Every structure is written in C-alpha cells, then in structure tokens.
Amino acid sequence: MKKLLLIALCSMSSLYVNAQLCLSPATNYATSSNPYSFCIADFNGDGKKDLATANSYGNGASVLLGDGSGGFGTAINAGGVANYPNGISAPILIQILKWILP
C-alpha cells in the first residue's frame, strides 16, 4: 500500500500547469441609487445569467438581463420595493419578475 501511495504522489508531483490569466477592461453598468448587494440567476428563463442588485438609497432593485456573452443590457429599475434594502434573493426575485419582465 505504501508503494501505491508513493507512485501516486510521484505522478501528481510531475504535473506542471502553465496558466495565464487575462482580464478584459472593466465595463460599468448603471443601476438605481447605491447598489448594496447583488445576485446572479436566470431571471427571465432564457438560459442566460442575469444580474440583480438591491439599491439601498433607491428603495428598490435593478435587474440587468444577460446578453449571453458576458455582458448585460440596460437596467430595469423597480422602486418602492422596500425601505433601504440591503439584500436580494434570487428565488423570490424570480417569482416577482415573472410578472414584470417581457
């Protein structure tokens, strides 16, 4: 058993990974006033990841629908959701957005 462990360790130590991390320039997206927290989910059922923010000074939430290539569309803002919201939950938001998203 010790020999098997030694062989496994030797083969694992011989792995060499040469990875390079490349980042694109930042893209800014406008939301309502003072986004405090966010969540990512498929809010409109199109298979693309969307972004939602809780906007504490705007007393609402913003949803940015994903374009499928890592970007987002213009924010859909909903005010009057709560007083100074500081958190957002995808399951609840999905149910609410089924009524207001196209």
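Conventions adopted
- Residue numbers restart at each chain and count upward from 1, following the sequence in its written direction.
- The predicted origin of the model limits local features to residues at a pLDDT of at least 70 and limits the giving and counting of side-chain atom pairs to 80 or more, whereas totals for whole chains, interfaces and linings rest on all residues.
- Excluded from the side-chain calculations are hydrogens and water; all other atoms, namely the structure's heavy atoms, are used.
- Helix and strand labels come from DSSP, where a helix needs a run of H or I of at least four residues and a strand needs a run of E of at least two; each type is numbered from the N terminus.
- In this scheme, a residue with accessible area under 20% of its type's maximum is buried, one over 50% is exposed, and one in between is partly exposed, where area comes from a 1.4 Å probe on protein chains only.
- When DSSP finds two or more bridges between a pair of strands, those strands are recorded as paired.
- Angles run from 0 to 180 degrees between N-to-C directions of axes, and those axes are lines fitted to C-alpha atoms, restricted for helices to the stretch in contact.
- Contacts were defined at the residue level, with two residues in contact if any of their heavy atoms lie within 4.5 Å.
- The criterion is simple. A nonpolar core is a set of buried Ala, Val, Leu, Ile, Met, Phe, Trp, Tyr and Cys residues joined through side-chain atoms within 4.5 Å.

Draft legend 1. Structural view of unusual backbone geometry. Phi angles above zero are rare outside glycine, and N34 is one such case at about 55°. Note on placement: N34 falls in the loop between α1 (2–13) and β1 (35–41). For N34, a relative accessible area of 32% gives the class partly exposed.

Draft legend 2. Representation of the sheet that holds strand β3 (residues 60–64) within the structure. Strand order in the open sheet formed by four strands is β1-β2-β3-β4, and the pairing between neighbours is antiparallel. Among the strands making up the open sheet, the edge pair consists of β1 and β4 (76–79). Sheet twist, expressed as the average angle between the axes of neighbouring strands with direction ignored, equals 20°. Across five bridges, the pairing between strand β2 (residues 50–55) and β3 is antiparallel. Of the residues in β3, the one forming a bridge with T53 is S62.

Draft legend 3. Structural detail: the pairing of β2. Of all six residues in β2, six are buried; the element is thus mostly enclosed. Both faces of β2 are covered, namely the face carrying D50, A52 and A54 and the face carrying L51, T53 and N55. Inspection of the sheet shows β1 paired to β2 by six bridges, in the antiparallel sense. Within β2, the position partnered with I40 by the bridge is L51. Linking β2 to β3, which pair antiparallel, is a turn of four residues; within it N59 sits at a positive phi near 50°.

Draft legend 4. Structural context of the side chain of S37. For S37, the location among the structural elements is in strand β1. Setting aside its immediate chain neighbours within four residues, S37 contacts A52, T53, A54, N86, G87 and I88.

Draft legend 5. Quick peek at the environment of K48. With respect to the helices and strands, the residue K48 is situated in the loop between β1 and β2. For the pair K48 and L65, spaced 17 residues apart in the sequence, the C-alpha separation amounts to 7.9 Å. In contact with K48, not counting residues within four places along its chain, are A41, D42, G66, D67 and G68.

Draft legend 6. Up close: the nonpolar core. Within the largest apolar cluster, six residues are counted, these being C39, A41, F43, A52, V63 and A90. Those residues in contact with A90 that lie beyond four places of it in its chain are C39, A41 and F43.

Draft legend 7. Representation of the environment of A41 in the model. Mapped onto the secondary structure, A41 falls in strand β1. Residue A41 is classed as buried on the basis of its relative accessible area of 12%. A C-alpha to C-alpha distance of 9.5 Å links A41 and G66, two positions 25 residues apart in sequence.

Draft legend 8. View of the environment of A52. Inspection of the secondary structure puts A52 in strand β2. For the pair A52 and L64, spaced twelve residues apart in the sequence, the C-alpha separation amounts to 6.2 Å.

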